Amino acid sequence: MARGGRGRHLGLALGLLLALLLAPPALRAKPTVRKERVVRPDSDLGERPAEDNQSFQYDHEAFLGKEDSKTFDQLTSEESKERLGKIVDRIDSNGDGFVTTEELKTWIKRVQKRYIYDNVAKVWKDYDRDKDDKISWEEYKQATYGYYLGNPTEFQDTSDHHTFKKMLPRDERRFKAADLDSDQTATREEFTAFLHPEEFEHMKEIVVLETLEDIDKNGDGFVDQDEYIADMFSHEESGPEPDWVVSEREQFNEFRDLNKDGKLDKDEIRHWILPEDYDHAQAEARHLVYESDKNKDEKLTKEEILDNWNMFVGSQATNYGEDLTKNHDEL
């Protein structure tokens, strides 16, 4: 696996699966589900190999947002370029005809923030049952775990029982961390921190703790090298490990295990997944400028961007017709 929780009981398992598939996005993609551990692997952007359109997925998602990047294939190249030109006009905030690294960084951060708040808006009504514009822990618990809590005996002989039993206290712990005023009720901002903890400084410890719990299979409170590798790769058949796995083992020894004791503690995990000196929006902006800046003046004209449109939007569409009319002042 490449990188990157009989009769009647079978019916219950299938029913649970169907319920999850039909559930709102926040229920299908639980906050506690494993994510990519690091936003982007460390690299010198100037040394990155030339990319073809098939490998631009990260650039597309960073520049357009995850949702809009999924709609790319709906437009012709001409339509995509036309819409990209309109986006460039918006990125050029001072209207001087150039897009700087800082302007690109601001745009990428706004796209990311818009995605997060749009995601919360889409699922808000599914949890705010009393329509008071707040979500209590009880509301979230009943919306997410209500059937399990009301029918615990039906899950006794299924793996779902163990999963729900583990996820419930974990979500409650995260909810309490996001609930800054400790009133057991989340405002939109607090609920956003609950669903997207990696974006909020006061939630970083929860992100580290959950990562440790996900990877630490022997429960000793640390992540050893085998657990680190197992989080990314599992042998489906006998044979040597791929080269990239061998490289990851070297990364573990050289750069992850800072005190060289053969395992990662919480501080080392934090350094790994939340590097303080790494700003992914800044790095992506620098990358886009570096790859598109033909005259090497460290800023981009609209022509330079359109000439390298594959990197920004590919042969796909932005579906930005609606977005261009949106009011993003709140972002």
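Keep in mind that this is a model prediction, so the values were computed, not measured. Residue positions are given per chain, counted from 1 along the sequence in the order it is written. Where totals are concerned, whole chains, interfaces and linings use all residues; where local detail is concerned, this predicted model gives features only for residues with pLDDT of at least 70, and gives and counts side-chain atom pairs only at 80 or more. Hydrogens and water are ignored here; the side-chain numbers use all heavy atoms of the structure.

(A) Structural context of the confidence of the model for the protein chain. The predictor reports its confidence for every residue as pLDDT, a score running from 0 up to 100. Summing up the model confidence of the protein chain, the mean pLDDT is 78 and the portion of residues at 70 or higher is 73%. Taken as a whole, residues 39–54 scores under 50 in pLDDT and shows 26 contacts with residues more than four places along the chain or in a different chain. In this model residues 315–331 is a low-confidence stretch, pLDDT under 50, and it forms 51 contacts with partners more than four residues away in sequence or in other chains. The contact rule is simple, with two residues in contact once any of their heavy atoms fall within 4.5 Å.

(B) Spotlight on the packing of aromatic side chains. Any two of the Phe, Tyr and Trp rings considered here, Trp counted by its six-membered ring, make a pair once their centres fall within 6.5 Å; the pair's planes then place it as stacked at under 30 degrees, edge-to-face at over 60, or tilted in between. Applying the stated criterion across every chain yields a total of 14 aromatic pairs. A ring pair is formed by Tyr140 and Phe194, whose centres lie 4.9 Å apart and whose planes are at 85°; its orientation type is edge-to-face. Of the two residues, Tyr140 sits in helix 7 (residues 137–150) while Phe194 sits in helix 9 (residues 188–195), which places them 54 residues apart along the sequence. An identical accessibility class is assigned to Tyr140 and Phe194; each is buried. A ring pair is formed by Tyr228 and Phe252, whose centres lie 5.2 Å apart and whose planes are at 55°; its orientation type is tilted. Residue Tyr228 is located in helix 11 (residues 225–230), and its partner Phe252 is located in helix 12 (residues 243–256); the two are separated by 24 residues in the primary sequence. Looking at Tyr228, the relative accessible area reads 0%, which means it is buried. For Phe252, a relative accessible area of 1% corresponds to the buried category. Three or more aromatic residues link up through ring pairs in this structure, and these residues are Trp124, Tyr127, Trp137, Tyr140, Phe175, Phe191 and Phe194. Sitting over a ring, as applied to charges here, requires NZ of Lys or CZ of Arg to be within 6 Å of the ring centre and within 35 degrees of the ring normal. The ring of Phe194 has Arg174 sitting right over it, with the charged end atom 6.0 Å from the ring centre. A helix here means a DSSP run of H or I that spans at least four residues, while a strand means a run of E at least two residues long, and both kinds are numbered starting from the N terminus. Summary of the burial criterion: residues with accessible area below 20% of their type's maximum are buried, those above 50% are exposed, and those between are partly exposed, where the area comes from a 1.4 Å probe applied to protein chains only.

(C) Structural view of helix 14 (residues 280–292). End to end, helix 14 covers 18 Å across 13 residues, agreeing with the expected 18 Å (1.5 Å per residue, within 8%). Burial in helix 14 covers these residues: His280, Ala281, Ala283, Glu284, Ala285, His287, Leu288, Val289 and Ser292. N or O atoms within 3.5 Å of each other form a polar contact, as long as, within protein, one can give a hydrogen and the other can take it, and as long as residues adjacent in sequence are counted only when both atoms are side-chain atoms. For helix 14, the N-terminal cap is Asp279; the gap from its side-chain oxygen to the backbone nitrogen of Ala281 is 3.0 Å. Each helix should span, by expectation, one fewer than its residue count multiplied by 1.5 Å.

(D) Representation of the UniProt feature "domain: EF-hand" (unreviewed entry) in the protein chain. UniProt positions are given in the numbering used here, feature names are shortened, and annotations may be inferred rather than shown by experiment. According to UniProt, the "domain: EF-hand" (unreviewed entry) feature falls on residues 79–114, 115–150, 166–201 and 203–238. The annotated region residues 115–150 carries 75% helix and 6% strand content, and the separation between its end C-alpha atoms amounts to 34 Å. Split by type, residues 166–201 is 58% helix and 6% strand. Its first and last C-alpha atoms lie 25 Å apart.

(E) Just the pattern of salt bridges, in detail. A pairing counts as a salt bridge when a side-chain nitrogen of Lys or Arg comes within 4 Å of a carboxyl oxygen of Asp or Glu. The final tally for this structure, using the stated rule, is 17 salt bridges. Note that Lys109 and Asp279 form a salt bridge whose closest N and O atoms lie 3.6 Å from each other. Here Lys109, found in helix 6 (residues 101–127), pairs with Asp279, found in the loop between helix 13 (266–273) and helix 14; they are 170 residues apart in sequence, far enough to count as distant. Between Lys294 and Asp307 there is a salt bridge; the shortest N-O distance is 3.2 Å. Placement of the pair is Lys294 in the loop between helix 14 and strand 6 (299–301) and Asp307 in helix 15 (residues 302–307), with a sequence separation of 13 residues. Linked through salt bridges whose partners overlap, the residues forming this network are Arg170, Arg173, Arg174, Glu210, Glu213 and Asp214.

(F) Fine view of the environment of Glu190. The topology assignment puts Glu190 in helix 9. Residue class for Glu190 comes out buried when judged on its relative accessible area of 8%. For the pair Glu190 and Lys134, spaced 56 residues apart in sequence, the C-alpha to C-alpha distance is 9.5 Å. Among all residues touching Glu190, those that are not within four sequence positions of it are Ala178, Asp179, Leu180, Asp181 and Thr185.

(G) Inspection of unusual backbone geometry at higher detail. Phi is positive for Asp133, close to 65°, though the residue is something other than glycine. Tracing the chain through its elements places Asp133 in the loop between helix 6 and strand 2 (135–136). You will see that Glu298, though not glycine, has its phi angle at about 65°, which is positive. With respect to the element layout, Glu298 can be found in the loop between helix 14 and strand 6.

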